[in-house]
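# What the coordinates show
Take a look at the letters that make up each chain.
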Amino acid sequence: MKYIDEYRNGTLVRDIARQIASTADPARSYHFMEFCGGHTHVISRYGFEDLLPDNVRMVHGPGCPVCVLPIGRIGAAIALAMRPEITLCTYGDLMRVRDRNGWSLLKAKAAGADIRMVYSTLDALRIAEAEPQREVVFFAIGFETTTPPTALALKTAIARNLGNFSIFCNHVVTPAAIHNILESPDVSKPGTIKIDGFIGPAHVSAVIGTKPYEFFAEKFRKPVVVAGFEPLDVIQAVLMLVRQINDGRHVVENQYIRAVTRLGNVKAQAEVANFFELRESFEWRGLGELPLSGLRLRPQYAAYDAEKRFSMMTFTAEDNPACECGAILRGVKKPADCKLFGTVCTPDTPMGSCMVSSEGACAAHWTYGRFRTKARQPDAGRAVA
Amino acid sequence: MCLAIPVEVREVLPDEMARVTLDGVSKIISTALIDDVRPGDYVILHVGYALTKINPEEAERTLALIQEAAMGHAT
Ligand code: SF4
Ligand code: SF4
């Protein structure tokens, strides 16, 4: 497939890994956080842990919207879906996340709730149009990639006067989370977790551009390289980060220049701004309340805002105390550090969100990495095609 | 969740929609988030919407830089 296959050349991946090994200064260590779950997935899947030299390590970040959605909001969505007049439309990723009572949307569906998995907001609109007697609620989550499609759904619903369509908005913004991680005591206190640079999100950046990261690179003196989601993209980004560190530079570089510009998709940004505004604060699973990190519908669209329309109660709920998702999201711990990993918590029985989404650090480690944990494989990189 | 894939536009349809193909599988998507879509363009598809166009020159430049990096020249 064009624009996919040519970025999966295993020989080139290994060649660049060798360049990283010869470029990295053996006297120092390099810790790079990949913010985005898409990168986590590639890093696990292609065995980067084995390919990279020991002094270049990847730290998983919070970049999966499923992982960071607090379970109180899952509980609220389940409660809403249980109401007989409601049809709740949701992306498949959310179906297995459990709330504090061990319920999930999947379980609620089995118990009779009208919950439909959709691929796109276009499907949710179609359902609302076809079934005017139902109250169709779209359970919206996601970073800046997924917010513009929600904005367009709202725009279309208004244009077509779909009075039975509304949105339960859980969209969050990426820069606020990066800022929080960089300022958290775990990261800023010396002797704790070390982050020397960031791999910036691919498709979030296609929408917001590389400009929002310039502030971090400057303020925290950390290099950022925005990278695509194929193995060659990621490994090239690591090399670019190593070079920046060696040169004492800390700027924003764009590896994914075929899809990302400095200013991003201005049209998509404008659609989002038309319909959404920042919340004063929003809870992130594992990171807590983060100021100006979530979006809600603008007040003039209250009729389409499920939280207002159905007087939804969202509450704060504690995670299972043994689940280490929070620490994993901040890059402080690894999946194998969690007592529940692989025992009670597996992709079939996820206890925490990091096990639910295939981009979650725990799920990625379960699928591709767990056999590596005990002994590093001698034939490093064989997972690369 | 943020995974998205490059697809080729085959036909521009009314109402800012387009028919695209990925490995022979055809799909109707929304192009309302981008401008000037033409058949033959590659776009990044995410949850039913084209998020951005792929710039073919930059794609080639990236591959050239990767080749150079693999041989040990500075990128
Ligand atoms: S293994 Fe399960 S319980 Fe433990 S941190 Fe990961 S998701 Fe949470
Ligand atoms: S494991 Fe969970 S928190 Fe970590 S990147 Fe994936 S989805 Fe996000």
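Residues numbered from 1 in each chain as written. Chains lettered and ligands numbered in written order. Predicted model: local features only at pLDDT ≥ 70, side-chain atom pairs only at ≥ 80, totals over all residues. Heavy atoms only, no water.

Attention now goes to helix 2 (residues 37-45) of chain A. All names here are of chain A. Helix 2 sits mainly inside the fold: 8 of its 9 residues count as buried. Every buried residue of helix 2 is accounted for by G37, G38, H39, T40, H41, V42, I43 and S44. On its buried side, helix 2 packs onto strand 1 (30-36), helix 3 (48-51), strand 2 (56-63), strand 7 (197-200), helix 13 (231-247) and helix 17 (361-369). The positive-phi residue at the C-terminal boundary of helix 2 is G47, with phi of around 65°. (Buried < 20%, exposed > 50% of the residue type's maximum accessible area, 1.4 Å probe, protein only. Helix = DSSP H or I, 4+ residues; strand = E, 2+ residues; numbered from the N terminus. Contact = heavy atoms within 4.5 Å.)

Glancing now at the site of ligand 2. Residues and elements named next belong to chain A. Ligand 2 sits among G37, G61, P62, G63, C64, C67, L329, C354, E359, G360, A361 and C362. Among the secondary structure elements, those contributing two or more residues to the shell around ligand 2 are strand 2 and helix 17. For the shell around ligand 2, the element with the most residues is strand 2, which contributes 3 residues. Taken together, the residues that form the shell around ligand 2 break down as 7 nonpolar, 4 polar and 1 charged. (Near = heavy atom within 4 Å. Nonpolar A, V, L, I, M, F, W, Y, C, P; charged D, E, K, R; others polar.)

A few words now on the packing of aromatic side chains. The tally for this structure, following the rule as stated, stands at 10 aromatic pairs over all chains. Residues Y91 of chain A and F138 of chain A carry aromatic rings whose centres are separated by 5.3 Å and whose planes lie at 85° to one another, so their mutual orientation is edge-to-face. Of this pair, Y91 of chain A sits in strand 3 (residues 86-91) while F138 of chain A is found in strand 5 (residues 135-142), placing the two residues 47 residues apart along the sequence. Taken individually, Y91 of chain A and F138 of chain A each receive the classification buried, so the pair is uniform in this respect. Cluster of aromatic residues (ring-pair linked, three or more members): F35, F143 and W284 of chain A. Over the aromatic face of Y7 of chain A sits the side chain of R258 of chain A, whose NZ or CZ is 3.6 Å from the ring centroid. Here K27 of chain B stacks its cationic end above the ring of Y119 of chain A, 4.3 Å away from the centre of that ring. (Phe/Tyr/Trp six-rings, centres within 6.5 Å; stacked < 30°, edge-to-face > 60°. Lys NZ or Arg CZ within 6 Å of the ring centre and 35° of its normal.)

Residues in close proximity to ligand 1 total 13 residues, the closest being C323, C325, C338, C345 and C362 of chain A. For the shell around ligand 1, the residue count by class is 11 nonpolar, 1 polar and 1 charged.

Let us now look at the confidence of the model for chain A. Any region with low pLDDT has predicted coordinates that should not be read closely. All names here are of chain A. On average, chain A scores 89 in pLDDT, and the residues at 70 or more come to 94%. Across chain A, the element-wise mean pLDDT spans from 67 in helix 10 (residues 185-188) up to 98 in strand 9 (residues 252-254). Predicted confidence for residues 374-385 stays below pLDDT 50, and this span has 27 contacts to residues more than four positions away or in other chains. (pLDDT = per-residue confidence, 0-100.)

Quick look at the interface of chain A and chain B now. Listed by partner, the interface residues are 47 residues for chain A and 43 residues for chain B. For the chain A and chain B pair, buried surface summed over both sides reaches about 3800 Å², with 66% attributable to carbon and sulfur atoms. It is Y3, Y119 and K267 of chain A that lose the most area in chain A upon contact with chain B, and together they represent 16% of the buried surface on that side. Scanning the region where chain A abuts chain B turns up 2 salt bridges. Viewed at the interface, chain B and chain A are joined by 12 residue pairs in polar contact (both at pLDDT 80 or more). For the side of chain A that touches chain B, the secondary structure elements donating two or more residues are helix 1 (10-23), helix 4 (65-68), helix 7 (121-130), helix 8 (147-159), helix 11 (203-208), helix 13 and helix 14 (266-275) of chain A. The dominant element in the side of chain A that touches chain B, judged by the number of residues it contributes, is helix 13 of chain A, at 5 residues. Here the side of chain A that touches chain B is composed, by residue class, of 28 nonpolar, 10 polar and 9 charged. (Buried area = accessible area lost by both parts, 1.4 Å probe. Salt bridge = Lys/Arg side-chain N within 4 Å of Asp/Glu carboxyl O. Polar contact = N/O pair within 3.5 Å; in protein donor to acceptor, adjacent residues only side chain to side chain.)

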